[in-house]
Amino acid sequence: MEAGMDLLHHSGIQATHYLQASYPASQDWFLFVSFAADLRNTFFVLFPIWFHLCEAVGIRLIWVAVIGDWLNLVFKWILFGQRPYWWVHETGFYRNASAPSIQQFPVTCETGPGSPSGHAMGSAGVYYVTITAILSILLGNKQPSWKHRFLQAVLWAAFWAIQVCVCLSRVFLAAHFPHQVIAGVFSGFSGSATSASCSPRQACWLPNRSSASTPSTTPACGGTRPRRSSSSASPWASTCCSGSWAWTSYGPWRRPRGGVRSQSGSTWTPPPLPASCATWASSLASAWR
């Protein structure tokens, strides 16, 4: 087992040495990618933006980041993986042969366990939530058109391009072995996909792109979906479930206060969303209608 891990670590050192020797001019780019993939940027940048645009997405984003970061720490201390820069100087694998020379950077000298990569795991989880949220907002319940399929292909291509850049940056900086960043990507992707599949799928509070005369269908959680109100300045299609909480595909969502309920109590017309979220969602929906 130890001999197999030494061979795996040796191949990772060779990959780090190759990247540093072949692409020395890319040092600043890899440092920037590593900085941008830090989960602190999720808390301080992505979460406030998404919480302003669509609260449900922001809530799911912060939960994925927090739980993913906690799981990453648990896995690291269970697996207790080596770090490249320390391993190459401490191992007896090379014996009389000279060990490959790898450069050191400010982010290289992390002394904690290295498997799986926290940057790769956090980046995969956060951007999975971001891309699925954008696709859900733009597509809604409509049949996908060629524009939606093209957008889907572009966004998922961008997702994997970001993951490749993050993985290469961590290997280039000698912060992780290749197998550690690969494990991080698939751990983050699987965790976010599992959280999405476990949540009851309901509609988010987004503009109703259907005609005014088309009544909405009954949601999966029971109850009656509200109809479009002709007196409302910003009609919305959403889920009217029993109780004050309704689950969306992004997590728990509280139904806004207000609205009009019919005399029979079978239908409920929600009030308009705040202007910021309404304007943003309306512009996206109209652009891809």
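Residues numbered from 1 in each chain as written. Predicted model: local features only at pLDDT ≥ 70, side-chain atom pairs only at ≥ 80, totals over all residues. Heavy atoms only, no water.

We now examine the packing of aromatic side chains. Scanning all chains against the criterion turns up 18 aromatic pairs. Taking the centre distance of 5.5 Å and the plane angle of 40° together, the rings of F47 and F51 count as tilted. Of this pair, F47 and F51 both sit in helix α3 (residues 39-53), 4 residues apart, roughly one helical turn. Take F51: its relative accessible area is 37%, and that puts it in the partly exposed class. (Phe/Tyr/Trp six-rings, centres within 6.5 Å; stacked < 30°, edge-to-face > 60°. Helix = DSSP H or I, 4+ residues; strand = E, 2+ residues; numbered from the N terminus. Buried < 20%, exposed > 50% of the residue type's maximum accessible area, 1.4 Å probe, protein only.)

Moving on, we come to the state of the cysteines. For the coordinates displayed, the defined rule picks out 0 disulfides. In this structure C165 is not part of a disulfide, and its nearest cysteine sulfur, from C167, lies 9.4 Å away. By relative accessible area, C167 is classed as buried at 13%. (Disulfide = S-S within 2.5 Å.)

Helix α7 (residues 146-172) packs onto helix α2 (residues 27-36) with a crossing angle of 115° between their chain directions and a minimal axis gap of 9 Å. The orientation of α2 relative to α7 falls into the category roughly perpendicular. Here the hand of the crossing between α2 and α7 comes out left-handed. Taken together, the residues of α7 that come into contact with α2 (itself represented by Q27, W29, F30, V33 and S34) are C165, V166, L168, S169, R170 and F172. (Axes fitted to C-alpha atoms, helices over the stretch in contact; angles between N-to-C directions. Parallel < 35°, antiparallel > 145°, perpendicular 65-115°, else oblique. Left-handed = near helix turned anticlockwise from the far one by under 90°. Contact = heavy atoms within 4.5 Å.)

Between the first and last C-alpha of helix α4 (residues 55-79) there are 36 Å, a value that for 25 residues agrees with the 36 Å anticipated at 1.5 Å per step. A56, V57, G58, I59, R60, L61, I62, V64, A65, N72 and K76 are the residues of α4 that are buried. (Expected span 1.5 Å × (residues − 1).)

A separate point is the pattern of salt bridges. What the rule picks out here adds up to 3 salt bridges. Here R83 and E110 are joined by a salt bridge, their closest N and O atoms 3.2 Å apart. Pair noted here: R83 is in the loop between α4 and α5 (84-90) and E110 is in the loop between α5 and α6 (118-139), with a separation of 27 residues, a long-range link. Salt bridges sharing partners connect three or more residues here, namely R83, E110 and R170. (Salt bridge = Lys/Arg side-chain N within 4 Å of Asp/Glu carboxyl O.)

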